[in-house]
Amino acid sequence: MQIQIGLLGCGTVGAGVVSLVRRRADRVADMTGLRPVVKTILVRDTQKDRGVSFIDEQLTTSPEDILADDDIQIVVETIGGIEPAKTYILEALSRGKHVVTANKDLIALHGPEILQTAAANGVSVLFEAAVGGAIPLVGPLKENLTANEVTDLKGIINGTTNFILTQMTTRHIDFAEALQMAQDLGYAEADPSSDVDGLDAARKLVILASIAFHTEVHLSDVRVEGIRHITATDVRYADEAGYVIKLLAVGRDRDGELTLAVRPTLIPKNHPLAHVSDAYNALFVRGDAAGDLMFFGRGAGRMPTASAVVGDIIALVRNLKLGFVASSPNGSAGERKPVVEREDDVYKYYFRLTAADQPGVFAQVAHLFGEYRASMETVLQKRVEGDRAEIVIVTHDISSRLAREIAVQLSRSPQLAVEAVMPVEPVAE
C-alpha cells in the first residue's frame, strides 16, 4: 500500500529528497507495510534540469495540485523563505495533511502559529532538517531527553561562519578573503548577511531553545553579534594565547530564566568545540540526568539535509501505520519563561586595544583594570605601524557587566581605542 507525498519545491534539497525517498521506499515498506511515494512536485519551471530524473512523479506549477489532492497525506516543503511557504504549509495543515519542512526561518519566526494550526487539525509538523542538517537535534530534545531538565545548549550551528573562521585560522587570511572562498565553494550566498551577521544561528537557537526549555522563544530574545569585525589579527592573537575563535550559540535556563546569545567567542584549544572545523556543526546539551552530550556532523548540504527530511517522512509513515499522530514539539505550552541579560555571569574576557606607543600608556591600562579588580591572565603587547601599539589582554573571570564597564572606560581615553571585546568559553563549568 502506498502513502503519497507532495513536494513543494525541488531545488538542491528537494531533488535530494526525491532521490532518497526512492532509495529507502522498499525498506520503509518492509518496516511498516506502507510505501512512501512522491506523487506531485511543485516547481516554477517544469523544464528545468534538477539533477534528478523524474519517473512517476508529476511536475506542476500549481500548488492546488498538491494541497487539494485528498490522496496526498504528507506535504514536504523545501521552498525556503517565509512566503509562499507559510501560506502553503498552513493550507496543507488546515486540509488535514501532515507537514515536513526544512525551513528554519519559517519555524523560528512563525513556529507557534504553525504548531497550533497542526494541533487544531490533528496533524503533525516535523522539522528536524530545519536546524542541524543531518545532525539529529530536534528528535533527541523532543523525545530521547524528555526525562531530563535541559539547562544548557552550546554549539556551533552555522557552517558558513565556521568555514570562514577555520580558513582565517589555518590559512592566516582576513575575513574578506575567507568569505570569498566560502562563496566560491558554495558555502556562502552572494549576500552572506544571514550567516555572517549571526541571524541564521540565532534562528536555529530559537527553535532548539523552545524545545529544550519548554517555552515560547522569539528571535528578539536572542542577543546577536556576527563575525564581520573579526580580523586576522584577532585570530592570530587568540592562537598565541591558546584559543580559537568560533561563532558560538548559547542558551541557558537558570531557575526558569533564560539567557540566549549568538556571539564570537574564544574557545580553549583543548575544548572539543575548538576542533569542529570547516562547515561542520556541533551542539553540546546538558541535562540533569544525562549530563553532557555532544552532537556533531554536517549541518547543511543536499544529501545531509535530505537525510533529515526523509527521516521525518519515515517517522510519520511509521506513526500513521500505528494510527498515532505525533505531538509537535510545541514550546508555547505553559507560562512563557522570561529572558534576561545576566550581567553577573562570569567569563574570562579578551580585549584588543590600539594605543599610542609612548611611555605611561600601558600603565594607564593596567591601572584601570586594577581599579575594577580585573586581574590579567595573559598580556601581549605588539608594535604596529607608525606610533601605535596593540595591547591584547585576556582577563581572569569577570562579570559581563564589568567587562562592558571596562571597555567603556578604556574608550574614553584619547590615547586608546577598543578594537575587540569577546568572552572566553570555559573548558568546563
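Structure: see above.
Basis of the calculations
- Residues numbered from 1 in each chain as written.
- Predicted model: local features only at pLDDT ≥ 70, side-chain atom pairs only at ≥ 80, totals over all residues.
- Heavy atoms only, no water.
- Helix = DSSP H or I, 4+ residues; strand = E, 2+ residues; numbered from the N terminus.
- Rg over C-alpha atoms; globule rule 2.2 N^0.38 Å.
- Buried < 20%, exposed > 50% of the residue type's maximum accessible area, 1.4 Å probe, protein only.
- Contact = heavy atoms within 4.5 Å.
- Areas by Shrake-Rupley, 256 points an atom, 1.4 Å probe, with all protein chains shown as cover.
- Lys, Arg positive; Asp, Glu negative; His and termini not counted.
- Charge placed at Lys NZ, Arg CZ, Asp CG, Glu CD.
- Expected span 1.5 Å × (residues − 1).
- Arc of directions from axis to C-beta.
- Pairing = 2+ DSSP bridges.
- Polar contact = N/O pair within 3.5 Å; in protein donor to acceptor, adjacent residues only side chain to side chain.
- Salt bridge = Lys/Arg side-chain N within 4 Å of Asp/Glu carboxyl O.
- Phe/Tyr/Trp six-rings, centres within 6.5 Å; stacked < 30°, edge-to-face > 60°.
- Lys NZ or Arg CZ within 6 Å of the ring centre and 35° of its normal.

1. Observations concerning the overall build of the protein chain
From N to C terminus, the protein chain includes 14 helices and 17 strands. By the compact-globule yardstick of 22 Å for 429 residues, the protein chain fits well, its C-alpha radius of gyration being 24 Å. Across the 429 residues in the protein chain, those meeting the buried criterion constitute 54%. Restricting to contacts in the protein chain with at least 6 residues of sequence separation, those with at least 24 account for 74%. Accessible area for the protein chain stands at about 18400 Å²; split by element, carbon and sulfur atoms hold 48% of it. When the 43 positive and 57 negative side-chain charges of the protein chain are each reduced to one mean point, those points stand 3 Å apart.

2. Brief notes about helix α14 (residues 400–411)
The end-to-end C-alpha distance of α14, which contains 12 residues, comes to 17 Å, matching closely the 16 Å that a straight helix rising 1.5 Å per residue would cover. Burial in α14 covers these residues: Ser 400, Leu 402, Ala 403, Ile 406, Ala 407 and Leu 410. The buried residues of α14 occupy one face: seen down the axis, they fall within an arc of 160°. Those residues of α14 that are buried lie in contact with β13 (346–356), α13 (361–371), β16 (398–399) and β17 (416–424).

3. Section: the sheet that holds strand β4 (residues 72–77)
Pairing between sheet strands relies on hydrogen bonds along the backbone, with the strands arranged either parallel or antiparallel. Sheet architecture is open: six strands sit in the order β3-β2-β1-β4-β5-β6, paired in parallel fashion. On the outer flanks of this sheet lie β3 (58–60) and β6 (125–126), each paired with one strand and no other. Inspection of the sheet shows strand β1 (residues 2–8) paired to β4 by five bridges, in the parallel sense. Its bridge partner lying in β4, Gly 6 is registered against Val 75.

4. What to know about the side chain of Glu 390
Take Glu 390: it is sitting in strand β15 (residues 388–395). For Glu 390, the side chain forms a polar contact with the side chain of Arg 352, separated by 3.2 Å. With near-sequence residues (within four places) excluded, Glu 390 lies in contact with Thr 233, Tyr 237, Arg 352, Leu 353, Thr 354, Leu 380, Gln 381, Lys 382 and Val 384.

5. Here's the deal with the environment of Ala 403
Examined against the element boundaries, Ala 403 turns out to sit in helix α14. Each residue touching Ala 403, except ones within four places of it in the same chain, is listed here: Tyr 349, Phe 351 and Ile 398.

6. Here's the deal with the pattern of salt bridges
Any two side chains of opposite charge can pair, given that their charged atoms come close. For the structure on display, the rule yields 26 salt bridges. In this structure, the salt-bridge partner of Arg 95 is Glu 91, at a minimum N-O distance of 2.4 Å. Glu 91 gets classed as partly exposed once you look at its relative accessible area, which sits at 29%. As a salt-bridge pair, Glu 341 and Arg 404 come within 3.9 Å of each other at their nearest N and O atoms. With Glu 341 in the loop between α12 (302–322) and β13 and Arg 404 in helix α14, this residue pair connects regions lying 63 residues apart in the sequence. The class for Glu 341 is partly exposed, based on a relative accessible area of 40%. According to the relative accessible area criterion, Arg 404 is partly exposed, its value standing at 36%.

7. Overview of the packing of aromatic side chains
Scanning the model with the defined rule gives four aromatic pairs in all. Plain terms: the ring middles of Phe 163 and Tyr 187 are 4.6 Å apart, the flat faces sit at 40° to each other, and that makes the pair tilted. Note that Phe 163 is positioned in helix α7 (residues 159–171) and Tyr 187 in the loop between α8 (175–184) and α9 (193–196), a separation of 24 residues in sequence. A relative accessible area of 37% places Tyr 187 in the partly exposed class. On the basis of an interplanar angle of 90° and a centroid distance of 6.3 Å, the ring pair of Tyr 347 and Tyr 349 is categorised as edge-to-face. With a relative accessible area of 7%, Tyr 349 lands in the buried category. Here Arg 236 stacks its cationic end above the ring of Tyr 237, 5.0 Å away from the centre of that ring. A cation sits over an aromatic face here: Arg 263 above Tyr 347, 5.1 Å from the ring centre.

8. Some words on the pairing of strand β12 (residues 291–298)
The pairing of strand β11 (residues 280–287) with β12 spans eight bridges and is antiparallel. Bridge assignment links Phe 284 to a residue of β12, and that residue is Met 294. Between β11 and β12, which pair antiparallel one after the other, the connecting turn spans three residues.

9. Quick look at α13
Of all the positions in α13, only Val 361, Val 365, Leu 368 and Phe 369 are classed as buried. Down the axis, α13 shows its buried residues gathered within 95° of arc, on one side only. Exposed residues lying more than 90 degrees from the buried face of α13 are His 367 and Glu 371. Of the residues trailing α13, Arg 373 is marked for its positive phi of about 55°.

10. A short note on unusual backbone geometry
A cis geometry characterises the amide bond from Glu 83 onward to Pro 84, with omega recorded as 10°. Positionally, Pro 84 belongs in the loop between β4 and α3 (85–94). Positive phi is not limited to glycine here, since His 172 has a value of about 60°. Among the structural elements, His 172 can be located in the loop between α7 and α8. Of note in this structure, Asp 255 is not a glycine but carries a positive phi near 55°. With respect to the helices, strands and loops of the structure, Asp 255 is situated in the loop between β9 (243–254) and β10 (257–268).

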